[in-house]
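Each chain, letter by letter, is given below.
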Amino acid sequence: MADDLDRRLARLRGGLRDRIERPPAGLVLSRARRRVTNHRAQIAVVAVVALLAITVPLATMLAGRHRTAPAAPSASSMPVAPTTVTVTERPSTSSAIAESSPAPSSTSSGTAGQSAPPSGTIPNGRLVYAADFRAPGHVYVLVGTPGADGAVTMLYATDDAGKTWAQHATPLPVVTGDDGYSADLVVLGRDRLLLRQPLSSDLPWGFSTWFSADGGTTWSSDQGWGEAGTNARTASTIPAGAVLTTTCTVAQGEHPDRCAGWQFEVVDPTDGRLSVLTTQPDLEPLQAQWIEPAADGRWWVAGTVDGVPAVAVTADGTSWAVHQVPVEGTGTPTGVSVVTVGSYAWAVVRGVTDTEKNALLGISVSRDNGATWSGLLRPTPGTAPRTVSGDPIPDRTGPGVIISTAAPNDDMAYLVRDDGSTVAAARPAPGWIQWTGAGFVSIDDATVWVSDQASASGSGAGFRALSPLG
Amino acid sequence: MATDDEWFAQLYDASYPRLVVIALAFTGDLSEAEDVVQEAFLRAYARRGRLATVHNPEAWICTVAMNVARRRHRRRAMADRLLLRRAQDPSNGAGEGRGRGRDTPDPDLMAAISALPEAQRTVVVLHYLADLPVAEVAVRTGVPEGTVKSRLARAREALHHELDADRSPGVADANLLQEADDGG
């Protein structure tokens, strides 16, 4: 029986509906089309202005050189025309990994919450922005190519370690300057791969995905992949070849653009679909992009236990062992990268501090296959390394672990040994290094650096340069 | 492209009134709520290809609209601070004067709803004004149905109190509280 309040609420509902002035759909569509058109025009203007800004001084400089014959500028100092396609800063999922501008948060193999480095441009306008492999020499790369109406993404694939490349169209949407490259790629087997495109930069959940079982020739799509709380499929075990990811369990109450909690899900290598892992580790998961099996074949995931960074490990998803990897000092942990070599496992904890977006919060080591852990390195203010970029690489000769720093235009790396001593080291590869489950990959402008080694030695980490764009 | 536009127009026609009502709970002003929702649709149009693949496009646009409303509120609050206006000055800001904008029906009730804590206001607007079932309110707010019901019950109590209505909780309040206690 409705009381007075119900009657008033009903009247209010009806009254509001009556008073709402709804512009005709045609008018809204017209405004929307105009805005899109104007936006494209603005992009074109920016491109022209940028071109003029480059060519006019260049012409002046060349004219001046003609008169005075000064030394020619070095190639590295020559300006490069920017493309009109930008990389959007997104909260959680982008895997854009070329160099130059700010950076979405991303995670890679067995890790969580890492802020990926910036994407930018390459001299011919094409941009390599994602790469992955699961078999030596068999590498897939996403390349964005700007055009008049936005940038299309092509898939480049090599079966012979970069000697030859095949190109395939992708179903990824055309990228405009408003969006930026935000798709990512994960290889699930020799010819099986998955493309993932966030539905919105405003939300921490929801993707469009496309799966291919024939190396990118044909694709099938899955809608609404990973939307908060919508996946009903479950998996009791992690099948061989699978990768894990985190999805948002529910949007956060009054702030649906934030996530209230994460859970681990299995990406089925046979069809690219998601299943909620039945047995979740007993920790509070940190958001992760792709979690590949480590070199020891197990899956390491990251989270917190009572606010303390922790890792959990499983061989098949049916049971987990959880270990805290404490850090000292301030900073909010955003992810833990675990790499293994022999009986050693290294956990590199990163996070956000008042001054660093990709701060190194600490390193822990296990010398007994991950059964017990001890703190090894606790960064102190003013002492390098303070930041961490991408995944670490274990050094089997140390033993130790090599971490690259995340400071802009900084090619530093450090070898942290088993006794906690730290020495500067050569950076294994330029760009953002990611573990793929079969080795490491990094992107530097138009070049993809690939190593099919799971660890480094005195002779390096075995990176080779592949150039899909010639 | 024409198909995309037709689909988008249908979505607009079907969702616009409900979204404006929801936005009203955050803006407190009908005209601004309309403006916020139109802005959300304009932004959504640029991504209509992706939007068509979303499980619930209306919820997606609703989130965008809420983000727009919050950003505007923050900007206005900042401007108010810069201009040294008093936060409680009834002549400006998003919070004050809620529900008393253009031709708002039953302004007392609307003002009482606007004065509720955000969690309660959200469920009241979604359930009673936007006419969404409790289950969908739970999905949209990311809380269990039992929590939605208990918030609704407490909100009704607060509204009764604010409106100086009959203080004996109505049948609906009692049912909601009982269902919430039962776990929803």
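What counts, and at which threshold
Residues numbered from 1 in each chain as written. Chains lettered and ligands numbered in written order. Predicted model: local features only at pLDDT ≥ 70, side-chain atom pairs only at ≥ 80, totals over all residues. Helix = DSSP H or I, 4+ residues; strand = E, 2+ residues; numbered from the N terminus. Buried ≥ 20, exposed ≤ 12 C-beta atoms within 10 Å, placed from the backbone. Contact = placed C-beta atoms within 7 Å. pLDDT = per-residue confidence, 0-100. Core = buried A, V, L, I, M, F, W, Y, C linked by C-beta atoms within 7 Å. Axes fitted to C-alpha atoms, helices over the stretch in contact; angles between N-to-C directions. Parallel < 35°, antiparallel > 145°, perpendicular 65-115°, else oblique. Nonpolar A, V, L, I, M, F, W, Y, C, P; charged D, E, K, R; others polar. Pairing = 2+ DSSP bridges.

Q: Could you give me a rundown of the overall build of chain B, with the residues and numbers involved?
A: Scanning chain B from N- to C-terminus turns up nine helices and zero strands. When the helices and strands of chain B are listed from N to C terminus, the series reads α-α-α-α-α-α-α-α-α. A burial count over chain B gives 44% of its 184 residues as buried. Sequence separation of at least 24 residues holds for 55% of the intrachain contacts in chain B that already meet a minimum separation of 6.

Q: Can you lay out the confidence of the model for chain A for me, pointing to particular residues and giving the numbers?
A: Per-residue confidence for chain A gives a mean pLDDT of 77; residues scoring 70 or more make up 72%. In this model, residues 64-124 of chain A is a region of pLDDT below 50 whose contacts with residues beyond four sequence positions or in other chains number 169 contacts.

Q: So what's going on with unusual backbone geometry? Residues and values would help.
A: Located in the positive-phi region is aspartate 306 of chain A, a residue other than glycine, with phi close to 55°. Within the fold, aspartate 306 of chain A resides in the loop between β16 (299-305) and β17 (308-314). Here the phi dihedral of aspartate 131 of chain B falls at roughly 65°; this positive angle occurs in a residue that is not glycine. Mapping aspartate 131 of chain B onto the fold places it in the loop between α6 (118-129) and α7 (134-141).

Q: Outline the nonpolar core, listing residues and values.
A: Core analysis: the largest hydrophobic core is formed by 98 residues, its most contacted members being Tyr140, Val301, Val311, Trp346, Ala347 and Val448 of chain A. Formed by 56 residues, the second largest nonpolar core is a distinct cluster that contains Tyr12, Ala40, Val64 and Val137 of chain B.

Q: For α7 of chain B, give the residues involved together with the corresponding values.
A: Of the positions making up α7 of chain B, those classed as buried are Val137, Ala138, Val139, Arg140 and Thr141 of chain B. Among the residues trailing α7 of chain B, glycine 142 of chain B stands out with phi positive, at a value near 75°.

Q: Break down the packing of α7 of chain B against helix α8 (residues 145-163) of chain B for me, citing the residues and quoting the values.
A: All names here are of chain B. Relative to each other, α7 and α8 sit at 105°, their axes nearing to 8 Å. When the interaxial angle is binned, α7 and α8 end up roughly perpendicular. For the pair α7 and α8, the contacting residues are Val134, Ala135, Val137, Ala138 and Thr141 in the first and Glu145, Val148 and Lys149 in the second. When grouped by side-chain class, the residues that make up the contact of α7 with α8 number five nonpolar, one polar and two charged.

Q: Before we move on, can you summarise the sheet that holds strand β21 (residues 359-366) of chain A with the specific residues and values?
A: All names here are of chain A. Spatially, β19-β20-β21-β22 is the arrangement adopted by the four strands of the open sheet, whose pairing is antiparallel. This sheet does not close on itself; its edge strands, each paired only once, are β19 (332-341) and β22 (374-377). Direction aside, the axes of adjacent strands within the sheet are offset by 30° on average. Relative to strand β20 (residues 344-352), β19 is paired through nine bridges, and the arrangement is antiparallel. In the strand pairing of β20, valine 341 is matched with tyrosine 344.

Q: Talk me through the pairing of strand β28 (residues 440-444) of chain A; I want residue IDs and the actual numbers.
A: Residue and element names in this part refer to chain A. Within β28, four of the five residues are buried, leaving the element largely enclosed by the surrounding structure. As paired elements, strand β27 (residues 434-435) and β28 share two bridges and run antiparallel to each other. By the bridge assignment, tryptophan 435 is partnered in β28 with phenylalanine 440. Linking β27 back to β28 in an antiparallel pair, the connection comprises four residues, with glycine 437 at a positive phi of about 100°.

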